[in-house]
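One-letter residues, chain by chain:
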Amino acid sequence: MEFSFNKDKWRGIMSLSSEREEVKYFEREMQILLKEEVALSREVLSNLSQQEYVLLIGDIDLSKELRNDYVSLTKQKLRFSKEKARIKKNKQWQLTRNNIQIRVLNEELCALHDKIEKQFSLNEHLLSIIGQESPLSKLE
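Residues numbered from 1 in each chain as written. Predicted model: local features only at pLDDT ≥ 70, side-chain atom pairs only at ≥ 80, totals over all residues. Heavy atoms only, no water.

### Here we look at the packing of aromatic side chains
Step number 1: The full count for this structure, using the stated rule, is two aromatic pairs.
Step number 2: Seen in terms of ring centroids, Y70 and F120 are 5.6 Å apart; in terms of plane orientation they differ by 25 degrees. Their pairing is stacked. Of this pair, Y70 sits in helix α2 (residues 60–89) while F120 sits in helix α3 (residues 100–132), placing them 50 residues apart in sequence.
Step number 3: With a relative accessible area of 14%, Y70 lands in the buried category.
Step number 4: Above the ring of F80, the side-chain terminus of R79 is found at 4.4 Å from the ring centroid. (Phe/Tyr/Trp six-rings, centres within 6.5 Å; stacked < 30°, edge-to-face > 60°. Helix = DSSP H or I, 4+ residues; strand = E, 2+ residues; numbered from the N terminus. Buried < 20%, exposed > 50% of the residue type's maximum accessible area, 1.4 Å probe, protein only. Lys NZ or Arg CZ within 6 Å of the ring centre and 35° of its normal.)

Structure (structure tokens):
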């Protein structure tokens, strides 16, 4: 009888060990995704900043090219949402909530999203002004 008790205890330890490994796997996978999403978000923000500059100097053609690039970048960002949702469906994901690196990356991502939204709104406003008048550099 004691042998079967130890055997069950061993299974529990092995199960706990493999569960920890799964949690670590999902943490690493999420960290990689978040780092890639942060890098892509920075690229989106850079693109929007370039759009602002070319709008201010009045290069509408280059602005349209940058806008097309922006659309392409935002489509790439959709992949991250799908991948993160896939990871979060796994029951092991629930055990990763205390990972500081994931929290920091999520906070950085939120800050970048806020900046992207503000820059996008500014660019849209500039576009509407230019549509009504001439480019700002030609107003001087």
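### Regarding the environment of E124
Step number 1: Relative to the helices and strands, E124 resides in helix α3.
Step number 2: On a C-alpha basis, the gap between E124 and E52 in space is 9.2 Å, while along the polypeptide they are 72 residues apart.
Step number 3: A distance of 2.3 Å separates a polar atom in the side chain of E124 from a polar atom in the side chain of R67. (Polar contact = N/O pair within 3.5 Å; in protein donor to acceptor, adjacent residues only side chain to side chain.)

### Points about the environment of L127
Step number 1: When you line up the elements, L127 lands in helix α3.
Step number 2: For L127, a relative accessible area of 28% gives the class partly exposed.
Step number 3: As a C-alpha pair, L127 and E52 span 75 residues in sequence and 9.1 Å in three-dimensional space.
Step number 4: Setting aside chain neighbours within four positions, we find L127 in contact with L55 and R67. (Contact = heavy atoms within 4.5 Å.)

### What to know about the pattern of salt bridges
Step number 1: Within this structure, the stated rule accounts for six salt bridges.
Step number 2: Residue R42 pairs with E108 through a salt bridge whose shortest N-O separation is 2.1 Å. With a gap of 66 residues between them, R42 in helix α1 (residues 2–57) and E108 in helix α3 connect regions that are remote in the sequence.
Step number 3: The class of R42 is partly exposed, set by a relative accessible area of 47%.
Step number 4: Residue E108 is classed as partly exposed on the basis of its relative accessible area, which comes to 25%.
Step number 5: Ionic pairing is found between R67 and E124, a salt bridge with its closest N-O pair at 2.3 Å. Residue R67 is located in helix α2, and its partner E124 is located in helix α3; the two are separated by 57 residues in the primary sequence.
Step number 6: Taking the relative accessible area as the measure of exposure, R67 reaches 26% and is therefore partly exposed. (Salt bridge = Lys/Arg side-chain N within 4 Å of Asp/Glu carboxyl O.)

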